[in-house]
Every structure is written in structure tokens, then in C-alpha cells.
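Commentary on secondary and tertiary structure
These are the residues of each chain, in order.
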Amino acid sequence: MAKIILHLHLYQPPRENPWTDQVDPEPPAAPLANWNERISAECYEPSIKSLAHVSWNVAPTLFRWIHKYRPHAYAGILEADRKSRELYQGHGSALAHPFHHAILPLLSAGDRDTEIFWGRRDFELRFGRSPEGLWLPETAVDMATLSAACEAGIHFVILAPSQALRVRRLPDSPWQDVTCETLDTTCSYVCSLPSGKSLAVFFYNGSLAHEIAFGRLAESGERFWERIRRGLGNLGETQLLHAATDGETYGHHTKEGADSLFSVLSKFQKTASTPLTNYGAYLEKFPPAYEVEIRENSSWSCAHGIERWRSDCGCRVTGGSQSWRGPLRQALEWLAGEINQVYQQKASRYFKDPWLARRDYIDLLCDPSWGVREKFWDGHQSYFMDEIGRRQSLKFLEMQRFRMAMFTSCGWFFDDIAGLEARLVLRLAARALEMAKDFGANVDEGFVARLAEAKSNDPEAGDGATIYRQILQAKAAVPKAL
């Protein structure tokens, strides 16, 4: 019997106020206090009972919130991965995710590598194992991203069918161009990298994913089950039927989704030879027989590649101009460059290698215990620092954390710079800029001038500079010392 994999991508933007580390009230999420609480109650917690039997990832910034505010859900997620290893020959169903939900092909090489390293390390410290697969934010990909993932020890990624350019049967059959309609999604592929290494790529079934995410399939467990049974009908034993969707489909976007998913999985578990599996187990049993070349700078949510996160490409949710997207990215990239200069110049006093210290800072973020802290200082301090020196050096690392976080993809995904998600990105930028000013950077005027070019579709909202000033006025008053 052919195999089935359903992948759930669980993610929310980092909603914590960067001055308080608390999530501010979000009235539209009523009756709960904020969207994290509401979506967790509607979706994440009801879906835990299904996670052992499917494939999934939790973005680290969301997982951090779950760990802090939903400890029972956090324990349930960890247990689901442990159980999946029992079910699927030692292969866990959880995939890693870059630490922030940033569009990796748009990042500098250093930021891209750090995001992947932080995501992998966060995964290892939480799950107690190395990840086999990596979910790429918005499935945005280029060869540099795949190479970085491979260097980090990742064995496979999942992409949309539109992201395959051409394929060939191994070892040396002729290449054939493919489209969404002609690509065979029932098998794995190998992608050769410039380094001579390679990793596997799975392209999910686009029509099934669309029916789940945007159709009404998840409303009915019976209809969902019949659709998958029908999809399995013409497949051979070595073939795979799989789909990837946002995890929020199951219970948040579709009220009945979590129950429908559990109903489908329960039915297949009762079959004599269950077709359920995960990507690691499938890959071990059925290694790639085909090679693929990817469509570089592509994603699953922009018909124009990755333009949704830097230009007025036309991709939107409802309407209006997206001419603000380019100036917003340009402003943030300029600010990032200024902050990096400050970091290189000033943090070198404290760290032997500031960028290596930034890479390893993830250990302190995940576990600030005394032993971990001492190991970090022993490995990175340029001199024996007292407590004052250590506190000061941590400010540099926090500045870098907020600087990387401000490229979270949600800031560009929706229709206006005055929307909630773009404001979250600007709030992170405001915190990073504030810390850079503490170190002597003169960046206010340059940043605000660039934001003024990002015009809102709402005349009353003005432009990015106006919105940024509102954020500064509303920021929480907290002591500057960390």
C-alpha cells in the first residue's frame, strides 16, 4: 500500500513586546487576550493528539511562547515526537525550523547561517535529538539556502510542486522540464549542491494541500478520509501521497479541522497495514531514484518567487497597493547594516569573535542556567569579565537578536504597513535601534527618512515613519539594564 504523510507547519509571528517580553493585549483575538492564546486553544492543543502520526514543525519563537505559557501543551508536543519515533522506526515526526520566520534567500549569508544554526540548536535542546528535516519559511528557497541546510546536517526539505524546475532519473537520464501539473509528487528527489554534497527534497501534492487549506475538506472527517483513500487508489507500494499546510488550518481556520484530522488518522491506524508514515521513515525505505533542479528564489505563497517580501508584485490578501513593501525592506536592511557596524566595532572589546559569539548565543537563549552561562563566557570572552562586563556584552547579543527578528516575513505578507504584522516588525526594529543608540550609533534620522517612503493605503495612517513614531510613543517604560 502507498504511504501517506500530512505535514503541519505551526507558526505565529513573535508577538512579545520587546521591552517587556510579554504579549500585549490584542482585542481582535477576543474572547482571549491575544492571538497566541486563541490559536493555541483552537488549534495547537486540540491537534496534539494527532501529532505522533503526522509530520510537523513548530517555529522556535512560537515554541518559546508555548513552553512559557502552555506547559502542558509543550510537554504533549515533546511526547508526540517521542511516540512518533516508536511508530516510525526511530524517525521522529518533528522537523526543525529556522529560529525566525524570515525569507532565507533574502538574508545575508551570515544571517541565513545563524538562523538555521539557531533553529537546529533550539530543536536539539528541546527534543533531545538531531533534526532530519528542515521546514523553510514560506518554503522560500535558493541553492545557497539548501547548501546552508546541508552544512547544518539537514537531510531533507519540503517544497511546493511549483518550485521544481526540471528532473531526471538517476544516474544520468536526460533532464526534463516540469510544471506543477507534470511533476511526480509521489516520490522523493535528490538535489545536488555546488559543494558536491546533496540533500533530499519532497514536493507535496498541490491539489490535496489546496483542498485542505482553502477548500472545505477539513470540515468533514469522513470526506477527508474518502479523499485520501481515493488518492491512494492508483498508487503503488513505493509511492507517497502527502500534503503540507499551515497547522492553523486544523481548528483555527477550519473549526472542525482538528477533529477531522484525528478522525482520518484513527481510521487509517485501524487498517491491517497502516499507510501512515513520516518523511524520515519513508526516505530510509525508499531513497530517491530521481534528481531535481529547483526553481531558485521561489516560495509557496508568491507567484512571483519571493517578491512578496520586497516589492509591489501584486500578491496580496484583499487589495490595495503594496508599494510600501520595497521601502520597508530597504529601511530595515539599511538599519541592519548600521547595527552590524556598531556590533563589529564595539562587541569586539568583549568577544574574541563577535560573530561566533552571536552564533552560540542560542545556548543562553534556550538555557540561561549558571553552567551554560559559564561555558559560554569561557569560550567567547576576550578577557575575564566581571558581572558588569557580562551584562553589557549581553546587550550586544540581544541587539542582534532583535535585529534578526525584524525580518520576520509576516511584516510584508499582508496588505498594508499599518497592519498588525508590519507594526510587530517595526516594534522589533525600534528595540534594536534603541540598543544601537545606547552604543553610540546615530541612526534615527536615516531610518525614519527611509520609512517615510513606505506609504500606507490608509491616508489616516500616513506612512512608515508615522507608524514608527506611534510605536515609540506607546512603548512600555522599562529600565534600560537587561
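Residues numbered from 1 in each chain as written. Predicted model: local features only at pLDDT ≥ 70, side-chain atom pairs only at ≥ 80, totals over all residues. Heavy atoms only, no water.

Overview of the side chain of Ser50
One can find Ser50 in helix α1 (residues 35-51). Those residues in contact with Ser50 that lie beyond four places of it in its chain are Ala258, Leu261, Phe262 and Leu265. (Helix = DSSP H or I, 4+ residues; strand = E, 2+ residues; numbered from the N terminus. Contact = heavy atoms within 4.5 Å.)

Quick notes on the nonpolar core
Ranked by internal contacts, the top residues of the largest apolar core, which has 154 residues, are Trp56, Ile66, Leu146 and Phe447. Among the elements that make up this core, the one with the highest residue count is helix α15 (residues 420-438) (10 residues). Excluding residues that lie within four positions of it along the chain, Ile66 makes contacts with Tyr44, Val58, Pro71, Ala73, Tyr74 and Ile77. (Core = buried A, V, L, I, M, F, W, Y, C linked by side-chain atoms within 4.5 Å. Buried < 20%, exposed > 50% of the residue type's maximum accessible area, 1.4 Å probe, protein only.)

Examining the side chain of Thr277
Take Thr277: it is sitting in the loop between α8 (257-269) and α9 (279-285). The exposure class assigned to Thr277 is buried, which follows from its relative accessible area of 6%. Discounting chain neighbours no more than four positions away, the residues touching Thr277 are Lys3, Ile4, Ile5, His53, Tyr88 and Tyr282.

As for the packing of helix α10 (residues 325-347) against helix α13 (residues 387-405)
Following both chains from N to C, one finds α10 and α13 inclined at 160°, their axes separated by 11 Å at the closest point. Taken together, the axes of α10 and α13 lie roughly antiparallel to each other. Here the hand of the crossing between α10 and α13 comes out left-handed. Along the contact surface, α10 presents Ala336, Ile339, Asn340, Tyr343, Lys346 and Ala347, while α13 presents Phe396, Leu397, Met399, Gln400 and Arg403. When its residues are assigned to classes, the contact of α10 with α13 shows 7 nonpolar, 2 polar and 2 charged. (Axes fitted to C-alpha atoms, helices over the stretch in contact; angles between N-to-C directions. Parallel < 35°, antiparallel > 145°, perpendicular 65-115°, else oblique. Left-handed = near helix turned anticlockwise from the far one by under 90°. Nonpolar A, V, L, I, M, F, W, Y, C, P; charged D, E, K, R; others polar.)

Remarks on the pairing of strand β2 (residues 55-58)
For a regular strand, side-chain orientation follows a simple rule: the groups alternate between the two sheet faces. Of the two faces of β2, the one lined by Ser55 and Asn57 and the one lined by Trp56 and Val58 are each fully buried. Sheet analysis places strand β1 (residues 3-10) next to β2, joined by 4 bridges and oriented parallel. Looking at the pairing, His7 lines up with Ser55 of β2. The parallel pair β1 and β2 is bridged by α1, and the resulting crossover is right-handed. The pairing of β2 with strand β3 (residues 94-95) spans 2 bridges and is parallel. Across the sheet, Asn57 pairs through a bridge with Leu95, a residue of β3. (Pairing = 2+ DSSP bridges. Right-handed = clockwise from strand over helix to strand, strands pointing away.)

Re the packing of aromatic side chains
Overall, the coordinates contain 25 aromatic pairs when judged by the stated rule. Plain terms: the ring middles of Trp135 and Trp300 are 5.2 Å apart, the flat faces sit at 70° to each other, and that makes the pair edge-to-face. Highlighted residues: Trp135 in the loop between β4 (133-134) and α5 (143-151) and Trp300 in the loop between β11 (290-294) and α10, separated in sequence by 165 residues. Exposure remark for Trp300: the relative accessible area of 23% places this residue in the partly exposed category. Grouping aromatic residues by their ring pairs yields a cluster made of Trp56, Phe63, Tyr74, Phe123 and Phe127. Between the NZ or CZ atom of Lys267 and the centre of the ring of Trp225, over which it lies, the distance is 5.5 Å. (Phe/Tyr/Trp six-rings, centres within 6.5 Å; stacked < 30°, edge-to-face > 60°. Lys NZ or Arg CZ within 6 Å of the ring centre and 35° of its normal.)

Digging into helix α4 (residues 109-127)
An ideal rise of 1.5 Å per residue puts 27 Å on 19 residues; α4 measures up with 27 Å between its terminal C-alpha atoms. Looking one or two places after α4, you find Gly128, whose phi comes out positive at around 70°. (Expected span 1.5 Å × (residues − 1).)

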